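Descriptive analysis of the structure
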Amino acid sequence: KEYQLHQFKTLHDEDRNQETERYCVTAAWFREWEAWVCNKARDPPGPINNKSLIVNKQTGPSLRPNVDHYKFSENIWKFFLSQYGGGPEVLVTNEGSVRVSSPVDNNVRVSSPVDNSARED
């Protein structure tokens, strides 16, 4: 817990003034994580579940209105994803558009065996 809280604070401080694309996490999941690392909850949160953030329109994915969420840098998103898994990845670009993808599409592997057969030495 202490490591995760320290890592989050470090990454957050580093990214605070950056004007970059932001990754969304549901407020409900983040509050569960926050309660756990601050010793206000007994159990850690489960995998990230961002499905409630997205609505698919004819023009493409969009953030669902009136669903609370937090926006974080890529470093914080990758940190949370490495610790908890889940998804989908919800990215708000600098232009304001929304991109949604499965973490598997971004080469994130959760509980997958390592395949060294194609490795070049």
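Residues numbered from 1 in each chain as written. Predicted model: local features only at pLDDT ≥ 70, side-chain atom pairs only at ≥ 80, totals over all residues. Heavy atoms only, no water.

1. Let's talk about the pattern of salt bridges
Summed over the entire model, instances satisfying the criterion amount to two salt bridges. Across the salt bridge formed by Arg99 and Glu21, the nearest N and O atoms sit 3.5 Å from each other. Taken together, the residues span a long stretch of sequence, with Arg99 in strand 8 (residues 98–101) and Glu21 in the loop between helix 1 (2–15) and strand 1 (22–26) at a distance of 78 residues. Residue Arg99 is classed as partly exposed on the basis of its relative accessible area of 45%. A salt bridge links Glu74 to Lys78; the nearest nitrogen and oxygen atoms lie 3.1 Å apart. Of the two residues, Glu74 and Lys78 both sit in helix 3 (residues 74–84), four residues apart, roughly one turn of that helix. By relative accessible area, which is 36% here, Glu74 ends up partly exposed. (Salt bridge = Lys/Arg side-chain N within 4 Å of Asp/Glu carboxyl O. Helix = DSSP H or I, 4+ residues; strand = E, 2+ residues; numbered from the N terminus. Buried < 20%, exposed > 50% of the residue type's maximum accessible area, 1.4 Å probe, protein only.)

2. Focus on helix 3
When we look at burial in helix 3, the residues that qualify are Ile76, Trp77, Phe79, Phe80, Leu81 and Tyr84. Gly85 occupies a position one or two residues after helix 3 and carries a positive phi of about 70 degrees.

3. Quick notes on the sheet that holds strand 5 (residues 69–72)
The strand order 5-1-7-8 describes an open sheet built from four strands, whose pairing is antiparallel. Each edge of the open sheet is held by one strand with a lone partner, namely strand 5 and strand 8. The average angle at which neighbouring strand axes cross in this sheet is 30 degrees, direction not considered. Bridging between strand 1 and strand 7 (residues 89–92) involves two bridges; their strand directions are antiparallel. Following the sheet pairing, Tyr23 is matched in strand 7 by Leu91. Set on the sheet, helix 2 (residues 27–37) makes contact with strand 1 and strand 5; between it and strand 1 the angle comes to about 80 degrees. Contacts from helix 3 reach strand 1, strand 5 and strand 7 within the one sheet, and its direction differs from that of strand 1 by about 40 degrees. (Pairing = 2+ DSSP bridges. Axes fitted to C-alpha atoms, helices over the stretch in contact; angles between N-to-C directions. Contact = heavy atoms within 4.5 Å.)

4. So, helix 2
Within the span of helix 2, buried status applies to Ala27, Trp29, Phe30, Trp33, Trp36 and Val37. Tucked inside the fold, the buried residues of helix 2 contact helix 1, strand 1, strand 2 (48–49), strand 5 and helix 3. Phi turns positive one or two residues past the end of helix 2, at Asn39, with a value near 60 degrees.

5. Let's talk about the side chain of Asn50
Its place among the elements puts Asn50 in the loop between strand 2 and strand 3 (54–57). Only 3.1 Å separates the side chain of Asn50 from the backbone nitrogen of Thr26, close enough to count as a polar contact. Here Pro88 takes part through its backbone oxygen, which lies 3.1 Å from a polar atom of the side chain of Asn50. For Asn50, the contacting residues outside a window of four places in its chain are Cys24, Val25, Thr26, Trp77, Gly87, Pro88 and Val90. (Polar contact = N/O pair within 3.5 Å; in protein donor to acceptor, adjacent residues only side chain to side chain.)

None of the figures reported here should be taken as evidence of function without further support.
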